[in-house]
Amino acid sequence: MNIFLATLTYFAYIFIIGMYTIKAVKYIRMPTHLRWELYPVVHEEQYRYTGSCFEHTDRQKDIRRKHTLRRVLFLLKEYFTLSEYYKRHASYWFFLYLWHIGFMLIITFHIFCFFGAVSMLSGMTISPNSSNIPGIVFYYAILFTGVISFITGTLGSTGLFVKRIIDKNLSLYASPLNYFSYAFTLVIFLSGIYAWFFVDPMLSEYREFWKGLITLNFINVKPGAAVHIVLFNLFLIYLPFTRSMHYITRFFAFFLIRWDDEPNVRGSVLEKKLQELFDQKITWSAPHIESGKTWKEATKQ
């Protein structure tokens with residue numbers, strides 16, 4: 001059993017990192033997007049009074065200062081508050097927020113477990129009675145993130161599942177994959193609560209499991225904890241096939257699309273990319289457009 005758990009854990013982490021990397025590279029290499037031209041853009045000076053760079057007649061030659069910190073803070077606010085959902089549907093936002101908090105904290109919990117195991121290997125004792133402060137901090141950080149993630153994730157998964165069923169405006173846009181994801185995550189969070197409450201209240205067994213993964217000295221864990229480990233690993237393998245990629249694509253959507261207002265000046269990298277697109281052949285036809293010509297030829301007609 002210990003070999004199976006270790007092998008599945010290694011595979012799950014390698015798989016999700018590999019799949020997310022492949023998808024991220026694919027998105028970065030996609031052709032230049034259509035310009036949105038939605039203002040104000042958060043990094044511009046005129047953002048504070050809902051203006052834009054179009055106030056300047058010679059904007060393409062202006063050297064514009066971009067507020068990178070403001071962009072990062074804006075994106076972090078969106079990540080951690082989901083404010084757009086709150087403005088549009090507060091009751092749906094409440095359960096969605098709990099669900100996301102549960103998801104983010106369970107990832108944080110595993111990261112803490114990994115570094116906790118590394119610290120244990122360096123001689124640190126992780127417990128509430130540890131002789132050093134970092135050992136105490138690690139203990140409560142692992143306990144807090146684990147328990148809070150299990151509880152908020154359970155409430156969020158249940159609430160979203162029910163909300164999607166009883167709210168007609170939401171159920172119209174809900175797919176079977178949505179319901180499966182809510183049910184799957186609910187089982188994972190419930191298994192975490194069971195493992196913590198009935199099997200391992202101090203979550204010490206989980207830290208020992210990670211220690212075994214690092215040293216290749218795999219240990220057996222109790223059945224309750226083993227079930228949670230298996231379910232979470234299966235969830236990691238499942239994630240790349242869901243909409244969870246939006247944690248990464250949202251970064252691209254804001255920085256590379258929504259806030260991309262670079263002018264297309266002569267000799268620029270952007271002009272070169274657009275030129276390559278204009279040289280592509282049209283592979284379809286319609287009454288207003290002819291197949292076989294390049295986009296450059298089509299625009300001149």
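Definitions and cut-offs
Residues numbered from 1 in each chain as written. Predicted model: local features only at pLDDT ≥ 70, side-chain atom pairs only at ≥ 80, totals over all residues. Heavy atoms only, no water. Axes fitted to C-alpha atoms, helices over the stretch in contact; angles between N-to-C directions. Helix = DSSP H or I, 4+ residues; strand = E, 2+ residues; numbered from the N terminus. Parallel < 35°, antiparallel > 145°, perpendicular 65-115°, else oblique. Left-handed = near helix turned anticlockwise from the far one by under 90°. Contact = heavy atoms within 4.5 Å. Nonpolar A, V, L, I, M, F, W, Y, C, P; charged D, E, K, R; others polar. Expected span 1.5 Å × (residues − 1). Buried < 20%, exposed > 50% of the residue type's maximum accessible area, 1.4 Å probe, protein only.

**Considerations on the packing of helix H4 (residues 90-121) against helix H9 (residues 223-238)**
The angle between the axes and the distance between the axes are what describe a pair of packed helices. Interaxial distance between H4 and H9 falls to 13 Å at its minimum, and their mutual angle equals 115°. As far as their axial angle goes, H9 and H4 are roughly perpendicular. Of the two possible hands of crossing, H4 and H9 adopt the one that is left-handed. Contacts from Phe-103, Ile-106, Ile-107 and His-110 of H4 reach H9 at His-228, Phe-232 and Phe-235.

**A word on the packing of helix H2 (residues 68-81) against H4**
As a packed pair, H2 and H4 sit with axes 9 Å apart at the nearest point and diverge in direction by 105°. Looking at the two axes, H2 sits roughly perpendicular to H4. Contacts between H2 and H4 involve Tyr-79, Phe-80 and Thr-81 on the former and, on the latter, Trp-93, Tyr-97 and Met-104. Across the contact of H2 with H4, the residue classes break down as 5 nonpolar, 1 polar and no charged.

**Considering helix H8 (residues 204-215)**
Here H8 spans 17 Å end to end across 12 residues, near enough to the 16 Å set by a 1.5 Å rise per residue. For H8, every residue scored as buried is listed here: Glu-205, Tyr-206, Arg-207, Phe-209, Trp-210, Gly-212 and Leu-213. Considering only its buried residues, H8 is in contact with helix H1 (2-28), H4, helix H5 (133-166), helix H7 (176-199) and H9. Phi turns positive one or two residues past the end of H8, at Leu-216, with a value near 65°.

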